[in-house]
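# Understanding the architecture of this molecule
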Amino acid sequence: MLGSVAYGEADRIVTLFSRDLGKVSALGRAASKSRTRFGASLAPFVVGEAALEERHGSELYVLLRFEAREDHTGLGGDVLRLAHASYGTELVHRLTAQRQAEPTIYDLLVELYRTAVASAPSAWVLRAFELRLLEALGFAAALTRCVVCGVTDGAALDEAGATVVSERGGLACARCAASLRAGNVLCAQARRALLAVAAAPLASAPSLAGVVDAGATTRAREAMHALIAEHLTAPLRSLEFIRQLRGQP
Ligand SMILES: [Zn+2]
């Protein structure tokens with residue numbers, strides 16, 4: 001479930017992210033009162049099977065049943081794990097279109113929940129998630145070539161640092177960046193770390209934490225946030241929450 005809002009006295013409109021249908025909204029009758037009807041399972045971070053009924057002439061499905069298969073609500077016991085899972089959930093909610101099947105993104109979100117439960121919270125898991133999400137949406141970040149001159153020489157991008165050109169979805173080499181407005185600079189270490197996590201399972205991303213220095217970690221975060229912000233119309237609530245937890249802007 002991506003989210004839900006109250007509807008009338010007892011009903012709720014829930015937004016589900018389904019592997020077969022993509023993001024759908026469904027009316028859960030008496031979902032606010034009757035916990036028995038949907039179990040306690042109709043909650044964020046629960047993966048399950050929903051029975052939906054299509055209504056003629058309505059965008060809204062009716063949720064008949066929901067059965068949990070994987071319950072990751074235990075994430076709520078750890079505020080940082082919860083924040084990370086919430087961030088991934090909000091990104092999927094905001095960046096996907098209604099009723100457009102996105103099985104790759106569905107699998108990625110489930111992988112994020114499993115990783116958030118099994119591994120220590122790591123910024124690199126979020127970077128890997130962001131990169132793979134952008135790719136699945138057709139907005140893959142261009143990290144191996146200059147988006148201006150097209151040079152694919154890693155040294156040209158790494159020598160003086162590559163500049164993030166978010167409106168073009170990638171990086172510019174130092175030579176091209178001179179003619180552009182200033183953007184975040186991505187150092188060689190951060191660029192290589194992003195390439196490494198993008199190609200590996202989310203669960204292996206935390207191993208970078210001890211390898212990449214704090215400065216490169218920050219640059220990678222800023223670069224990804226700039227690239228993602230291009231596709232958002234408003235700031236993410238979950239990101240604000242993570243910032244508060246970190247105690248930094
Ligand atoms: Zn260039």
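This is a predicted model, so every value here is computed, not measured. (Residues numbered from 1 in each chain as written. Predicted model: local features only at pLDDT ≥ 70, side-chain atom pairs only at ≥ 80, totals over all residues.)

When you go through the protein residue by residue, the secondary structure sums to nine helices and nine strands. Relative to its length of 249 residues, the protein is compact, with a C-alpha radius of gyration of 20 Å against a globular reference of 18 Å. Taken along its principal axes, the extent of the C-alpha atoms in the protein is 60 × 40 × 30 Å. Per-residue burial for the protein yields a buried fraction of 35% across its 249 residues. The contacts in the protein between residues at least 6 apart in sequence include a share of 61% that link residues at least 24 apart. (Helix = DSSP H or I, 4+ residues; strand = E, 2+ residues; numbered from the N terminus. Rg over C-alpha atoms; globule rule 2.2 N^0.38 Å. Buried ≥ 20, exposed ≤ 12 C-beta atoms within 10 Å, placed from the backbone. Contact = placed C-beta atoms within 7 Å.)

A separate point is the domain arrangement of the protein. In terms of domain boundaries, the protein breaks down into domain 1 (3-71) and domain 2 (76-246). With twelve residues of domain 1 in contact, the opposing surface of domain 2 contributes 16 residues. Among the elements of the structure, strand 2 (11-18) and strand 3 (22-28) are those that each provide at least two residues to the side of domain 1 that touches domain 2. Looking at which element gives the most residues to the side of domain 1 that touches domain 2, the answer is strand 3, with three residues. For the side of domain 1 that touches domain 2, a count of residues per class yields six nonpolar, three polar and three charged. (Domains from an automatic or database assignment. Nonpolar A, V, L, I, M, F, W, Y, C, P; charged D, E, K, R; others polar.)

It is worth spelling out the sheet that holds strand 7 (residues 162-165) at this point. With mixed pairing, the four strands of this open sheet are ordered in space as 6-8-7-9. Each end of this open sheet is capped by a strand with a single partner; those strands are strand 6 (142-146) and strand 9 (185-186). Across two bridges, strand 6 lies against strand 8 (residues 170-172) in parallel orientation. What sits directly across from alanine 142, in strand 8, is glycine 170. Running over the sheet, helix 7 (residues 188-198) touches strand 6, strand 7 and strand 9 and is turned about 125° from strand 6. (Pairing = 2+ DSSP bridges. Axes fitted to C-alpha atoms, helices over the stretch in contact; angles between N-to-C directions.)

A few words on the packing of helix 4 (residues 123-136) against helix 8 (residues 214-229). Each pair of packed helices can be described by the angle between their axes along with the distance between the axes. Relative orientation of the contacting elements helix 4 and helix 8 amounts to 30°, with a least axis distance of 10 Å. Judged by the angle between their axes, helix 4 and helix 8 are roughly parallel. Note that helix 4 runs across helix 8; the crossing there is left-handed. Taking contact as the criterion, the partners of Ala123, Arg127, Glu130 and Leu134 in helix 4 are, on helix 8, Thr217, Ala220, Arg221, Met224, Leu227 and Ile228. Taken together, the residues of the contact of helix 4 with helix 8 break down into six nonpolar, one polar and three charged. (Parallel < 35°, antiparallel > 145°, perpendicular 65-115°, else oblique. Left-handed = near helix turned anticlockwise from the far one by under 90°.)

Structurally, glycine 88 can be placed in helix 2 (residues 79-95). For glycine 88 and aspartate 71, which are 17 residues apart along the polypeptide, the C-alpha to C-alpha distance reads 16 Å. Filtering out sequence-adjacent residues up to four positions away, glycine 88 remains in contact with Leu109, Leu112 and Phe129.

This part takes up the packing of helix 7 against helix 8. Between helix 7 and helix 8, whose axes approach to 8 Å, the crossing angle comes to 65°. Crossing angle aside, the handedness with which helix 7 passes helix 8 is right-handed. Residues Gln189, Ala190, Ala193 and Leu194 of helix 7 lie in contact with helix 8, whose contacting residues are Ala216, Arg219, Ala220 and Ala223. Residue composition of the contact of helix 7 with helix 8, grouped by class: six nonpolar, one polar and one charged.

This next bit is on the nonpolar core. Core analysis: the largest hydrophobic core is formed by 64 residues, its most contacted members being Ala128, Leu171, Ala172, Ala193 and Val197. Counting residues per element, this core draws most heavily on helix 4, at nine residues. With near-sequence residues (within four places) excluded, alanine 128 lies in contact with Val197, Ala198, Leu202 and Ala205. (Core = buried A, V, L, I, M, F, W, Y, C linked by C-beta atoms within 7 Å.)

Here the focus is helix 7. Since the α-helix advances by 3.6 residues per turn, residues separated by three or four positions end up pointing in the same direction. Looking at helix 7, one finds that the buried residues are Ala190, Arg191, Ala193, Leu194 and Val197. Looking down the long axis of helix 7, one finds its buried residues gathered within 165° of arc, a one-sided arrangement. Elements in contact with the buried residues of helix 7: helix 4, strand 6, helix 5 (154-158), strand 7, strand 9 and helix 8. (Arc of directions from axis to C-beta.)

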